[in-house]
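Structural overview
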Amino acid sequence: MKIVISGFYGLGNTGDEAILESIVDNLREHLNEPDITVFSLSPEQTAKEHDVKSVYRGWRHDFKGKVNALKEADLLISGGGGLLQDTYPTKFIFGPLPYYLLIVFLAKLCGTKVMFFSQGIGPVNSTWGKILMKVFANMADFVTVRDQFSKDLIHKLGVNRPDTVVTADIVFAFHPKKDTACIDSLPLSQKDNLVAVSVRPWFEKVKQFEQMAEILDTLIEEKGVTPVFVPMEGHHDDDASKKVLAHMKHSDKCHILGTNFTPNQYLNFIGECQLTIGMRLHALIFSTIMGIPHIGLSYDKKVESLLKRSGMWEYSAVLEEMDVEKLSTNALYLLDHLDENRAIVKHNAAEMRKEAVRNVELLQENFIK
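Described in the following lines is the structure provided in the data block. In this convention, every chain numbers its residues from 1, walking through the sequence in written order. Under the rules for a predicted model, residues below a pLDDT of 70 receive no local features and side-chain atom pairs below 80 are neither given nor counted, while totals for whole chains, interfaces and linings still include all residues. Excluded from the side-chain calculation are hydrogens and water; included are all heavy atoms of the structure.

The term salt bridge refers to a side-chain nitrogen of Lys or Arg lying within 4 Å of a carboxyl oxygen of Asp or Glu. For the coordinates displayed, the defined rule picks out 18 salt bridges. Put simply, Glu304 and Lys308 hold a salt bridge, and the shortest N to O gap is 2.8 Å. You can see Glu304 and its partner Lys308 sitting in helix α12 (residues 301–310), four residues apart, about one turn around the helix. Bridged by salt links that share partners, the residues Glu21, Asp25 and Lys177 form one connected network. Numbering goes from the N terminus for both helices and strands, where a helix is a DSSP run of H or I of at least four residues and a strand is a run of E of at least two.

Dropping the structure here:
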């Protein structure tokens with residue numbers, strides 16, 4: 001079976017690269033020698049890392065390559081991840097939402113079937129975005145979404161797919177491989193007191209950096225932890241991490257991991273920690289996979305949806321509603337009750353892994369004769 005995968009690949013985002021690795025690994029596990037082509041901004045790197053064919057994803061180069069790949073394919077997988085949203089500016093054919101939907105349209109013109117695969121939908125607030133969704137998203141032959149919020153929203157937007165199925169983020173079916181590169185890179189005197197921290201820039205909001213600093217200082221003073229920042233999107237998260245450190249009294253007790261580690265290496269590192277406090281969705285997903293209790297700062301419904309499914313929402317908060325004292329208390333509680341909360345997270349992770357694998361099972365049921 002020939003499959004093209006379209007997503008936010010080749011741009012150095014750890015979460016999206018983990019999505020791609022999970023899709024490729026699970027397709028190979030469940031299908032008979034699939035022939036896989038990935039649309040990527042770094043096609044040579046993507047081809048090498050995943051042993052796939054790869055075509056440049058942008059419109060300005062190799063349009064013929066994209067058309068040929070789609071013509072030869074049996075199926076376009078659009079996803080996973082939060083591709084269909086207009087949080088970032090959407091103007092006519094520019095922006096994430098038009099790009100991914102036009103790839104779908106191009107696939108249909110080429111006679112190729114389309115599956116929205118483990119997608120997170122929204123937000124879609126602009127009038128143009130809603131029109132694009134109603135016209136082009138309805139061209140998909142089958143849809144799976146990673147949470148109930150996405151299913152409700154896609155139907156509200158007029159995508160009338162009665163067979164839309166709620167599964168889970170495909171990263172829950174990630175195949176971990178033991179790798180200690182991250183922890184080995186740090187000058188640690190002890191390794192049993194680590195707290196993973198994930199922060200990201202979010203438009204003009206900066207108050208959370210100071211609030212995060214207060215929480216981490218409290219944990220250092222009360223529990224002697226060593227916070228380690230995990231930059232899930234290269235220099236963007238590295239810069240955000242340094243903004244937190246600038247507000248801390250005990251910044252000398254912290255570390256920032258390098259920006260060039262693989263998703264698998266970051267996953268293994270988070271698995272060595274006692275607790276994760278973070279914004280990035282896939283840092284929290286990595287924590288869930290590894291059975292690590294976590295506190296999430298939800299800047300988007302996708303984060304809240306994940307935290308409710310992982311069992312950690314009661315300890316977390318919406319980004320704009322952060323209460324430093326309450327979150328510090330929650331963090332101290334989780335550190336004092338690690339075993340019982342690890343058990344909760346591991347149980348929920350096992351359930352979501354089954355749902356993640358269901359994405360591939362549904363692909364088999366609907367597209368393999």
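Quick look at the environment of Thr167 now. Turning to its location among the elements, Thr167 is positioned in the loop between β7 (165–166) and α7 (181–184). You can call Thr167 buried: its relative accessible area is 0%. Taking C-alpha positions, Thr167 is 5.9 Å from Ala356, a pair spaced 189 residues apart along the chain. Not counting residues up to four positions away in its chain, the partners in contact with Thr167 are Ser118, Thr144, Val145, Arg146, Arg309, Glu355, Arg358, Asn359 and Leu362. Note on classification: 1.4 Å probe, protein chains only; a residue is buried when its accessible area is under 20% of the maximum for its type, exposed when over 50%, partly exposed between these limits. Residues are treated as being in contact if the distance between any of their heavy atoms lies within 4.5 Å.

To continue, consider the side chain of Gln265. Assignment of secondary structure puts Gln265 in helix α10 (residues 263–270). For Gln265, a relative accessible area of 13% translates into the label buried.

This paragraph deals with the sheet that holds strand β12 (residues 294–298). Taking strand neighbours across the sheet as the criterion, the six strands line up as β10-β9-β8-β11-β12-β13 in an open arrangement whose pairing is parallel. Edge positions in the sheet fall to β10 (255–256) and β13 (317–318), since each of these pairs with one other strand and no more. Along the sheet, helix α13 (residues 324–336) contacts β11 (275–278), β12 and β13; its crossing angle with β12, the most-contacted strand, is approximately 155°. Whether two strands pair comes down to DSSP finding at least two bridges between them. To get an axis, fit a line to the C-alpha atoms, keeping to the stretch in contact for a helix; angles then go from 0 to 180 degrees between the N-to-C directions.

As a further point, take the sheet that holds strand β5 (residues 113–121). Taken in spatial order, the seven strands of this open sheet run β3-β2-β1-β4-β5-β6-β7, and their pairing is parallel. The open sheet has two edge strands, β3 (53–56) and β7, and neither has a second partner. In this structure, β5 lies alongside strand β6 (residues 142–145), joined through three bridges in parallel fashion. In the strand pairing of β6, Phe116 is matched with Val143. Here helix α4 (residues 96–109) sits on the sheet and contacts β1 (2–6), β2 (35–40), β4 (75–84) and β5; the angle it forms with β4, its principal contact strand, is near 170°.

Between Gly79 and Gly80 the backbone carries a cis peptide bond, its omega angle lying at -5°. Within the secondary structure, Gly80 sits in strand β4. Positioned with a positive phi, Asp62 is a non-glycine residue whose angle comes to about 55°. Relative to the helices and strands, Asp62 resides in the loop between β3 and α3 (63–72). Classification of Asp62 as partly exposed rests on a relative accessible area of 43%.

Another point: the packing of helix α8 (residues 207–223) against helix α9 (residues 234–245). Taken N-terminus to C-terminus, the directions of α8 and α9 make an angle of 60°; their axes are 8 Å apart at the nearest point. It follows from the interaxial angle that α8 and α9 lie oblique. α8 and α9 meet at a crossing whose hand is right-handed. Between α8, through Phe209, Met212, Ala213 and Leu216, and α9, the contact on the second element is made entirely by Ala240, Lys243 and Val244. Three classes are used: nonpolar for Ala, Val, Leu, Ile, Met, Phe, Trp, Tyr, Cys and Pro, charged for Asp, Glu, Lys and Arg, and polar for all others, with Gly counted as polar. When the residues that make up the contact of α8 with α9 are grouped by side-chain class, the tally is six nonpolar, no polar and one charged. Roughly parallel means an angle under 35 degrees; roughly antiparallel, over 145; roughly perpendicular, 65 to 115; everything else is oblique. With the far helix as reference, a near helix turned anticlockwise by less than a right angle produces a left-handed crossing, and one turned clockwise produces a right-handed crossing.

With that settled, the discussion passes to the pairing of strand β9 (residues 226–229). Judged by which residues are buried, β9 turns out to be covered on both faces: Thr226 and Val228 on one side and Pro227 and Phe229 on the other are all buried. Pairing of strand β8 (residues 194–198) with β9, which is carried by four bridges, proceeds in the parallel orientation. Note that in β9 the partner of Leu194 across the bridge is Thr226. Once the chain exits β8 it traverses α8 before rejoining the sheet at β9, and the crossover so formed is right-handed. We call a crossover right-handed when, viewed with both strands directed away from the observer, the connection leading from the first strand over the helix to the second proceeds clockwise. Remark: the β9/α9/β10 crossover connection has right-handed handedness.

The next thing to look at is α13. Here the expected length of a helix is defined as 1.5 Å per residue gap, with one fewer gap than residues. Relative to the 18 Å expected for 13 residues at 1.5 Å per residue, α13 spans 18 Å between its end C-alpha atoms, a close match to the ideal helical length. Those residues of α13 lying buried are Val324, Leu327, Ser328, Asn330, Ala331, Leu332, Leu334 and Leu335. Structurally, α13 contributes buried residues whose contacts are with α8, β11, β12, β13 and α14 (338–367). In this structure Asp323 caps α13, since a side-chain oxygen of it lies 3.1 Å from the backbone nitrogen of Glu325. For the purposes of these results, a polar contact is taken to be a pair of N or O atoms within 3.5 Å, where, inside protein, one atom must be able to donate a hydrogen and its partner to accept one; residues adjacent in sequence count only when each atom of the pair is a side-chain atom.

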